[in-house]
Amino acid sequence: MPIYGVSQSSGADRLLDLQAAEGGVLVHIHDTTDPDRGKIVVSRQAIDEVLGKPPGHLMTLDGTVENPAGPQQLDLQIKGGDVLLAEKTAAGDGWDIAVGLDDFIEAFEATA
């Protein structure tokens with residue numbers, strides 16, 4: 001289920017897809033300039049843990065990718081009615097997106 005969001009660093013419109021994957025949940029980001037901006041698989045349990053924390057709590061989740069350029073991590077934080085996600089790579093690049101909390105929970109539950 002795609003979720004529309006926006007990059008907090010660039011203001012670009014982005015699209016987030018969550019899908020069931022071996023080893024957890026595939027977090028896939030698209031935008032208008034790059035239909036395959038990034039993919040990372042993170043643990044379902046880790047996402048569940050973040051959703052159970054008080055708003056404002058930032059967690060860094062270890063993840064895996066198909067063709068890694070080094071270790072990959074996903075920062076996940078709930079702020080008010082939004083979920084902020086930011087991927088970090090060993091090279092120092094990555095992507096970010098903010099989406100609605102209710103939409104994120106619905107898409108996450110659909111991956112079960």
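Scope of this entry: the structure provided in the associated data block. (Residues numbered from 1 in each chain as written. Predicted model: local features only at pLDDT ≥ 70, side-chain atom pairs only at ≥ 80, totals over all residues. Heavy atoms only, no water.)

### Quick look at the environment of Leu 85
(1) Moving on: Note on placement: Leu 85 falls in strand β7 (residues 82-89).
(2) Moving on: The spatial distance from the C-alpha of Leu 85 to the C-alpha of Val 27 is 9.6 Å, given a sequence separation of 58 residues.
(3) Moving on: Contact partners of Leu 85, with chain neighbours within four places excluded, come to Leu 16, Val 27, Leu 74, Asp 75, Leu 76, Trp 95, Asp 96, Ile 97, Val 99 and Phe 104. (Helix = DSSP H or I, 4+ residues; strand = E, 2+ residues; numbered from the N terminus. Contact = heavy atoms within 4.5 Å.)

### Quick look at the side chain of Arg 14
(1) Moving on: Along the polypeptide, Arg 14 turns up in strand β2 (residues 13-21).
(2) Moving on: One polar contact links Arg 14 to Asp 31, side chain to side chain, over a distance of 3.1 Å. (Polar contact = N/O pair within 3.5 Å; in protein donor to acceptor, adjacent residues only side chain to side chain.)

### Regarding the pattern of salt bridges
(1) Moving on: Under the counting rule described, the total for this entry stands at three salt bridges.
(2) Moving on: One salt bridge connects Asp 75 with Lys 88, and the closest N-O pair in it is separated by 3.3 Å. Note that Asp 75 is positioned in strand β6 (residues 72-79) and Lys 88 in strand β7, a separation of 13 residues in sequence.
(3) Moving on: Connected through salt bridges with shared partners, the residues Arg 14, Asp 31 and Asp 96 form a single ionic network. (Salt bridge = Lys/Arg side-chain N within 4 Å of Asp/Glu carboxyl O.)

### Some points on helix α2 (residues 101-109)
(1) Moving on: Those residues of α2 that sit buried are Leu 101, Phe 104, Ala 107 and Phe 108. Axial view of α2: buried residues confined to an arc of 130°, hence all on one face. In α2, the exposed positions angled more than 90 degrees off the buried face are occupied by Asp 102 and Glu 109. (Buried < 20%, exposed > 50% of the residue type's maximum accessible area, 1.4 Å probe, protein only. Arc of directions from axis to C-beta.)

### Details of helix α1 (residues 44-52)
(1) Moving on: Regarding α1, the residues found buried are Ala 46, Ile 47 and Val 50. Projected down its long axis, α1 shows its buried positions confined to an angular sector of 100°, all on one face. Turned more than 90 degrees away from the buried face of α1, the exposed residues are Gln 45 and Gly 52.
(2) Moving on: Considering only its buried residues, α1 is in contact with β3 (24-31), β4 (38-42), β5 (58-64), β6 and α2.
(3) Moving on: The backbone nitrogen of Gln 45 has a side-chain oxygen 3.1 Å away, supplied by the residue at the start of α1, namely Ser 43.

### What to know about the environment of Trp 95
(1) Moving on: Within the element layout of this structure, Trp 95 appears in the loop between β7 and β8 (96-100).
(2) Moving on: Taking the relative accessible area as the measure of exposure, Trp 95 reaches 3% and is therefore buried.
(3) Moving on: Note: C-alpha distance between Trp 95 and Ile 29 (66 residues apart in sequence) is 8.1 Å.
(4) Moving on: In this structure Trp 95 touches Arg 14, Val 27, Ile 29, Arg 37, Gly 38, Ile 40, Leu 74, Leu 85, Ala 86 and Glu 87, once residues within four positions along its chain are discounted.
(5) Moving on: A distance of 2.8 Å separates a polar atom in the side chain of Trp 95 from a polar atom in the side chain of Glu 87.

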